[in-house]
Protein chains: 2
Amino acid sequence: MNDKKLMEYARLVAGVGINVQKGQMVLINCPVECADFGRCLTTAAYDLGARDVIVNWSDDAVSREHWLRAEDSVFDAVYPWDILRNKTLAEAGMGRISVDASDPENLLGVDAERLQRWDVANGRDNREFYRSMMANGFPWCVVSVPSLKWAKKVFPELDAQQAVDKLWDAIFAAVRVTGDASAVKAWQDHCKHLETLCSKLNSLRLTQLHYTNALGTDVVVGLPEEHLWLGGADTSKAGVRFVANMPTEEIFSAPQRDAVDGVICASKPLALNGNLVEGIRLTLEKGRIVGIHADKGEDVLRRAIETDEGSHYLGEVALVPVNSPIAQSGLLFYNTLFDENAACHFAFGEAYPACVKGGDDLPLETLKARGINAESSTHVDFMVGTDDLSVIGTMQDGREVVILKDGRFAL
Amino acid sequence: MNDKKLMEYARLVAGVGINVQKGQMVLINCPVECADFGRCLTTAAYDLGARDVIVNWSDDAVSREHWLRAEDSVFDAVYPWDILRNKTLAEAGMGRISVDASDPENLLGVDAERLQRWDVANGRDNREFYRSMMANGFPWCVVSVPSLKWAKKVFPELDAQQAVDKLWDAIFAAVRVTGDASAVKAWQDHCKHLETLCSKLNSLRLTQLHYTNALGTDVVVGLPEEHLWLGGADTSKAGVRFVANMPTEEIFSAPQRDAVDGVICASKPLALNGNLVEGIRLTLEKGRIVGIHADKGEDVLRRAIETDEGSHYLGEVALVPVNSPIAQSGLLFYNTLFDENAACHFAFGEAYPACVKGGDDLPLETLKARGINAESSTHVDFMVGTDDLSVIGTMQDGREVVILKDGRFAL
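All residue numbers refer to positions counted from 1 along the written sequence of the respective chain. All chains are assigned letters beginning with A, and all ligands numbers beginning with 1, in the order in which they are written. Side-chain atom pairs in this predicted model are given and counted only at pLDDT of 80 or more, local residue features only at pLDDT of at least 70, and totals for whole chains, interfaces and linings cover all residues. The basis for every side-chain value is the complete set of non-hydrogen atoms in the structure, without hydrogens or water.

### Some words on the packing of helix 1 (residues 3-17) of chain B against helix 8 (residues 160-174) of chain B
Residue and element names in this part refer to chain B.
Then comes step 1: For helices, the axis comes from a line fit to the C-alpha atoms of the stretch in contact; other axes are also lines fit to C-alpha atoms, and the angle between any two N-to-C directions lies between 0 and 180 degrees. Here a helix means four or more residues in a row that DSSP labels H or I, a strand means two or more in a row labelled E, and each is numbered from the N terminus. In contact at an axis separation of 12 Å, helix 1 and helix 8 are set at 40 degrees when each is read in the N-to-C sense. Taken together, helix 1 and helix 8 sit at an angle that is classed as oblique. In the crossing of helix 1 with helix 8, the sense of the turn from one axis to the other is left-handed. Facing helix 1, whose interface residues are Lys 5, Leu 6 and Tyr 9, helix 8 presents Trp 168, Ile 171 and Phe 172. Angle categories: roughly parallel below 35 degrees, roughly antiparallel above 145, roughly perpendicular from 65 to 115, and oblique for all the rest. We call a crossing left-handed when the near helix sits turned anticlockwise from the far one by less than a right angle, and right-handed when that turn is clockwise. In what follows, residue pairs with any heavy atoms lying within 4.5 Å of each other are defined as contacts.

Structural data, given as structure tokens:
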């Protein structure tokens, strides 16, 4: 990592990620361990004319103490000042950056019931905020920088500094930061490429997708009649283009809530609520998850799926070829932001409204009527792509079309 | 600095500083640069049974960007979520720790008018909170740990690591942390010593103090009839003993608001709002500051004194002998927490209600009637002690008694 790349990365996130507009409020969630990057983001946001930049620092060690040792009742409600901040800034159309660098196993040993109670409380108390975020009410962007424990998890064989350096290299490659100020242009091109892919898929007007591979996935995923494939940049309510995830290699849509049947086997571990969940196998009937298994962390997974009724249904179907740049790195990041962009994935929980035409402006009941899983307080991606994955689409006239063959686009 | 001393220091602050009670909320304000200490404080607070510990991290670099670059209107109001948090936690009787480690000149170059507008807004919007804090509504404690820039300011001739190490040594000495777990006992003894001094002074029932030295200070400070000298531990509304400053070497009271006349020359630089103010000379008539001079930073000082009407009057008179342990270190800390405990000092702005009998429970109008400066949104200490300072008290019968001679207690 060098300072030049770090600043280029920060400018990319502020300029393309949330695309700061003059006079806009900016909120940055950042671990204290990554203070250098938080400072660069702050400078980059002010350079673009932010009204004010609020950095909401966090710390894995403090967070772990909180989860293990705070009184039980603390997890039944969000502090009112946190609700007020989220709500006020969302309504003001803030740009919101989240820097995700947590140790994937930071909350190992925390009671899964406690994690679930917090999921429920947080979903309820911040409902308005999360709904606004899912519907692109304001620009938001999730990015990552290395932290020591995370880097050691990805590169256990290296010493601390080497591991951090290697993870920086992998992240810079994934987000197209080279140090020669070409990242913004590279992202414009990349987003165009993803939009072209979406156009192709959208023109097919698929009714369903059939996934199969040797790992055991064999599932038919229905698609709503008015579904849209999206990828690259989103458009906020105020009309500003932004990129919600950096990196992003996916094109995604929303399944028909009640038309997913079969078995889904995850192809990578899932870092969920500070725990690693491995060997996931879900069974779905008429869209509902009716069978939950994991070789490791099953309790944490089960509690997450049982957050509310909507979390029993899929909310996202995303296609990523196994020859995506991140997949080709061959790394397992133990971090969904990266691992989901190296493999086809699904999410259980709430769908993005924009996945049906005009969805960001539609009321909840209309979204439901369009067939997507419009109401849940959670949204958890998990990876299913493999290099033998076959995805076959069905068109409205019943004809089949190969979408992915051996994990690669066949369009 | 070593881990053992750091943890002993954290346990001292949690156990004696705010004296955490089972089930109590704890708020820790801490710079990200001092994350190690913030983590130790968190652990120490949970060890004592805190309900939850909230760490409110800050950063000098982000703060400087905010002050220099945010839009003007940002400084006219406190964000409502910050007001709500302060108010809610104060009402809940939280323990509040503030770790002060800022570069004393972090805000050099910031428009003094901006600093003043924020002082006014903050005083207005957090009025209830600050009033509760001044009246011991909840336990609070201000402590310090080294940061790089601060350490370099104190020890400019040393390299970075040496400077930080030296500042740690000075701080550990000042707060009586030795690494052998004797700090709690040492503080109990120390607080008793300060209380004995207070008893002596209180028994004199002084009506005024006359300060003189060669630096130019020549001021008569009237004392309210029901004034009390305080020092060491305070008692919170809930009846819990706590120590608001660590270190603390002072015994203090409140002047008669309208009975301070003469000239006060500061004997040390004052770190005020991220600026150093040097060569302060104030002229007072009937309690009001009518002349303001500083060789450096006069604008920042003037703006602070002009925050509101109450900030034109003194709110604290504090006695510290020049042979106090901190004074004997010979160091200039550029940090009020230390420098005020190495020298006699005054404060302009609001008085502590407890400085008149039963004051914590008295309404504002009664406090005013008792003669103290009961209403201001600010409170700024500045140092006046020198090794030739003479302080002569007058008793109710007109007799004089030497309180300090050559800067040392003569009682």
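### Quick word on the pairing of strand 18 (residues 390-395) of chain B
All names here are of chain B.
Then comes step 1: Buried means the residue's accessible area, taken with a 1.4 Å probe over protein chains only, is under 20% of the maximum for its type, while exposed means over 50%, and partly exposed covers the values in between. Among the six residues of strand 18, five are classified as buried, and the element is accordingly described as predominantly covered.
Then comes step 2: Pairing of strand 5 (residues 206-212) with strand 18, which is carried by six bridges, proceeds in the antiparallel orientation. The residue bridging Thr 212 from the neighbouring strand is Ser 390, located in strand 18.
Then comes step 3: Two strands qualify as a pair provided that DSSP identifies no fewer than 2 bridges between them. The pairing of strand 18 with strand 19 (residues 400-405) spans four bridges and is classified as antiparallel. If you follow Val 391 over to strand 19, its bridge partner there is Leu 404.
Then comes step 4: If you look at the hairpin formed by strand 18 and strand 19, you'll find four residues sitting between the two strands, and Gly 398 has a positive phi there, around 95 degrees.

### A closer look at helix 9 (residues 183-204) of chain B
In an α-helix there are 3.6 residues to a turn, and that puts residues three or four apart on one side.
Residue and element names in this part refer to chain B.
Then comes step 1: For a helix, the expected span equals 1.5 Å multiplied by the residue count minus one. Given a rise of 1.5 Å per residue, 22 residues ought to cover 32 Å, and the 32 Å separating the end C-alpha atoms of helix 9 matches this to within 8%.
Then comes step 2: Looking at helix 9, one finds that the buried residues are Ala 183, Trp 187, His 190, Cys 191, Leu 194, Leu 197, Cys 198, Leu 201, Asn 202 and Leu 204. Angular distribution of buried residues about the axis of helix 9 spans 135 degrees; they occupy a single face of the element. Across from the buried face of helix 9, at angles greater than 90 degrees, the exposed residues are Lys 185, Lys 192 and Ser 203. Regarding the arc, it is the one traced by the directions from the helix axis to the C-beta atoms.

### Observations regarding the environment of Asp381(B)
Residues and elements named next belong to chain B.
Then comes step 1: Counting through the fold element by element, Asp 381 comes out in strand 17 (residues 379-383).
Then comes step 2: Judged by its relative accessible area of 12%, Asp 381 is buried.
Then comes step 3: Sequence separation between Asp 381 and Ala 271 is 110 residues; the distance between their C-alpha atoms is 9.7 Å.
Then comes step 4: Each residue touching Asp 381, except ones within four places of it in the same chain, is listed here: Leu 270, Glu 316, Thr 336, Glu 340, His 345, Phe 346 and Ala 347.

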